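Residues per chain are reported as follows:
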Amino acid sequence: MTTHMAAIAVAKGEPLKLQARSTPRPGPGELLIDVKSVALNPADRLMRDLGLFIPTYPTVIGFDISGLVLEVGENVPVGEIDVKTGLCFRPGITRVAAFAASFWRSCDPDYGAFQERCIVPWQHAVPLLDDGVTWNQAATLPVSVEVPLNAWDIMGIPRLGEATAPTSVSTAHDGSNTSEGTQTKKQKGEALLIWGASSSVGTMGVQTARLLREDRDSSFSAVYATAGAANHKYIASLGANRVFDYKDPQVVDAIVSAARADGLVIRHCFLATGQLALCQTVLKAFLGGDHVGESQKARIASAPVIPPDTEKVSGVETIFVMPSANEEERLAQFRYWMGTWLRENLGKGVIRPSPELRVVGKGLGAINAGLDLLLQGVSCTKLVVEVAE
């Protein structure tokens, strides 16, 4: 029997314990990954300390991994490049970054990230075609990419390249314009707001929003962000047009005034971290107007869990960011987020791993110390543990 080491969650509030466990074989549509690095997320600490999402113990937690494909199950794209998916996963060759799927497997330990061998659905993984991306850098990508892309989807924002410019006039059946006018370019009258842009999902939120802004048919012409003053320059380098200090008591007025000075409205906000009430107040300032309809309803996508006692604001919808609970739909989502969007934009060099990473140790035994650092608070930094060479 083949075994490997894992950092096991044995009980709520207990430190993870190193134990050997049997190495599983991948089933249909699955990959077995030799884990090289893991990145740490606030949810990991909440799961260890508070038992968040964990129905039974013992288990293996964690989400962000990078590693080498060891084995593949049936119905996995293999070969040179699969024509249908544009992907391939070759055992012993393909390097990947992957989003561990234990949450959707009732915390089955085979699917948790914090171990030397991990099973993942192939749709949750992206082949790393660029050797310039290190194991540590790759491990920072899955969650930071999935959350903002999920946020844009649930708010109804068209995906990159899928927005269409509306026609302001009637069109003949043959496709030609009638004499009443011509097709006009879609007006870019919105700023997309990322609140808490110094977090890992916030920094990638800025990068994904920048690409939406650059899409000629999108409605966004600016990216606004909030961050601590020390991180403003870095957030601007990722693509934010304006960065505001979330600690400023007048930050809401500053954002609203800037948008009005720019001739823009704010109807979409990604709350990466921070106070939901402040986001609601910003969006509330732009409710009403001649061109506001159901399609222009203000929306907030919240990465943090929405407290049950949250005050509702008329005209502002708040949605918790979470992939679909339906297995088929979720796999399709991850196939796009990881296998299409991340693969293509990382390959083009138009995005980069963010924020700056910090290696907190080598080996699974360093994970507890890294999660303790998260509890103390980090800013504009992604904590990584090197599991293997």
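Residues numbered from 1 in each chain as written. Predicted model: local features only at pLDDT ≥ 70, side-chain atom pairs only at ≥ 80, totals over all residues. Heavy atoms only, no water.

An unreviewed UniProt entry lists the protein under the name Putative Delta-aminolevulinic acid dehydratase, with Penicillium brasilianum given as the organism. The Sequence similarities (unreviewed entry) field of the UniProt record for the protein holds the comment "Belongs to the zinc-containing alcohol dehydrogenase family." (UniProt positions renumbered as here; feature names shortened; annotations may be inferred.)

Caption draft 1: Structural context of the domain arrangement of the protein. Domain annotation of the protein identifies domain 1 (3-133 + 325-386) and domain 2 (146-159 + 187-320). Taking the mean C-alpha position of each, domain 1 and domain 2 sit 28 Å from one another. Counting residues at the interface gives 17 residues for domain 1 and 17 residues for domain 2. Counting the surface lost from both domain 1 and domain 2, the interface buries some 1700 Å², and carbon and sulfur atoms represent 60% of this. In terms of surface lost to domain 2, no three residues of domain 1 exceed Trp337, Arg352 and Cys380, which account for 36% of the buried area on that side. For the pair domain 1 and domain 2, the interface holds zero salt bridges. If you look at where domain 1 meets domain 2, you find nine residue pairs in polar contact (both at pLDDT 80 or more). Listed by contribution, the elements that provide at least two residues to the side of domain 1 that touches domain 2 are helix H8 (327-348) and strand S15 (381-386). Here the element with the most residues in the side of domain 1 that touches domain 2 is H8; it accounts for five residues. Looking at the side of domain 1 that touches domain 2 residue by residue, the class counts come to nine nonpolar, five polar and three charged. (Domains from an automatic or database assignment. Contact = heavy atoms within 4.5 Å. Buried area = accessible area lost by both parts, 1.4 Å probe. Salt bridge = Lys/Arg side-chain N within 4 Å of Asp/Glu carboxyl O. Polar contact = N/O pair within 3.5 Å; in protein donor to acceptor, adjacent residues only side chain to side chain. Helix = DSSP H or I, 4+ residues; strand = E, 2+ residues; numbered from the N terminus. Nonpolar A, V, L, I, M, F, W, Y, C, P; charged D, E, K, R; others polar.)

Caption draft 2: How the structure looks around the confidence of the model for the protein. Looking at the protein as a whole, the pLDDT averages 91, with 91% of positions reaching at least 70. When the criterion is pLDDT under 50, residues 166-185 qualifies, and its contacts beyond four places in sequence or with other chains add up to 21 contacts. Scored below 50 in pLDDT, residues 290-294 shows four contacts in the model against residues more than four places distant or in partner chains. (pLDDT = per-residue confidence, 0-100.)

Caption draft 3: Representation of helix H6 (residues 251-261). Turning to H6, its buried residues number three or more, namely Val251, Val252, Ile255, Val256, Ala258 and Ala259. Each buried residue of H6 sits inside an arc of 160 degrees when the element is viewed along its axis, so together they form one side. Structural note: H6 exposes Arg260 and Ala261 on the side pointing more than 90 degrees away from its buried face. Phi turns positive one or two residues past the end of H6, at Gly263, with a value near 70 degrees. (Buried < 20%, exposed > 50% of the residue type's maximum accessible area, 1.4 Å probe, protein only. Arc of directions from axis to C-beta.)

Caption draft 4: Main features of the nonpolar core. Within the largest apolar cluster, 85 residues are counted, with the highest numbers of intra-cluster contacts made by Phe114, Trp152 and Ile367. Structurally, this core is a two-domain feature, drawing no fewer than three residues from each of domain 1 (3-133 + 325-386) and domain 2 (146-159 + 187-320). Aside from chain neighbours lying at most four places away, what touches Phe114 is Ala6, Ala7, Leu16, Val38, Ala39, Leu40, Asp44, Val60, Ile61, Gly62, Leu364 and Ile367. (Core = buried A, V, L, I, M, F, W, Y, C linked by side-chain atoms within 4.5 Å.)

Caption draft 5: Expanded view of the environment of Val69. With respect to the helices and strands, the residue Val69 is situated in strand S4 (residues 64-72). We classify Val69 as buried; its relative accessible area is 0%. For Val69 and Ala236, which are 167 residues apart along the polypeptide, the C-alpha to C-alpha distance reads 36 Å. If near-sequence neighbours (up to four positions away) are discounted, Val69 is found in contact with Leu31, Leu32, Ile33, Phe89, Arg90, Pro91, Gly92, Ile93, Thr94 and Val96.

Caption draft 6: Quick look at the pattern of salt bridges. What the rule picks out here adds up to 17 salt bridges. Between Asp110 and Arg21 there is a salt bridge; the shortest N-O distance is 2.8 Å. Taken together, the residues span a long stretch of sequence, with Asp110 in the loop between strand S5 (95-99) and strand S6 (117-121) and Arg21 in strand S2 (residues 17-22) at a distance of 89 residues. Across the pair, exposure class does not vary: Asp110 and Arg21 are buried alike. For Asp49, the salt bridge is made with Arg45, and the minimal N-O distance between the two is 3.5 Å. Taken as a pair, Asp49 and Arg45 lie in helix H1 (residues 42-50) at a separation of four residues, close to a single helical turn. The buried category is assigned to Arg45, whose relative accessible area is 18%. Each member of the salt-bridge network shares a partner with another, and the members are Arg45, Arg48, Asp49 and Asp372.

Caption draft 7: Region of interest: the state of the cysteines. Tallying each qualifying case throughout the model produces zero disulfides. No disulfide involves Cys269; its nearest neighbouring cysteine sulfur is the one of Cys279, lying 3.6 Å away. (Disulfide = S-S within 2.5 Å.)

Caption draft 8: Region of interest: unusual backbone geometry. Geometrically, the link from Tyr57 to Pro58 is a cis peptide bond, its omega value of -5 degrees lying close to zero. By the element assignment, Pro58 lies in the loop between H1 and S4. For the bond running from Ser354 to Pro355, omega is -5 degrees, close enough to zero to count as cis. Counting through the fold element by element, Pro355 comes out in the loop between H8 and strand S14 (356-362). Backbone geometry places Phe53, a non-glycine residue, at a positive phi of 75 degrees. A relative accessible area of 34% means that Phe53 is categorised as partly exposed.

Caption draft 9: A look at the sheet that holds strand S12 (residues 298-302). Strand order in the open sheet formed by six strands is S10-S9-S8-S11-S12-S13, and the pairing between neighbours is parallel. The sheet is open, and its two edges are formed by strand S10 (242-245) and strand S13 (316-320), each paired on a single side. Here the strands of the sheet are splayed against their neighbours by 20 degrees on average, with no regard to which way each runs. Of the strand pairs in this sheet, S12 and S13 are connected by five bridges, and their pairing is parallel. (Pairing = 2+ DSSP bridges. Axes fitted to C-alpha atoms, helices over the stretch in contact; angles between N-to-C directions.)

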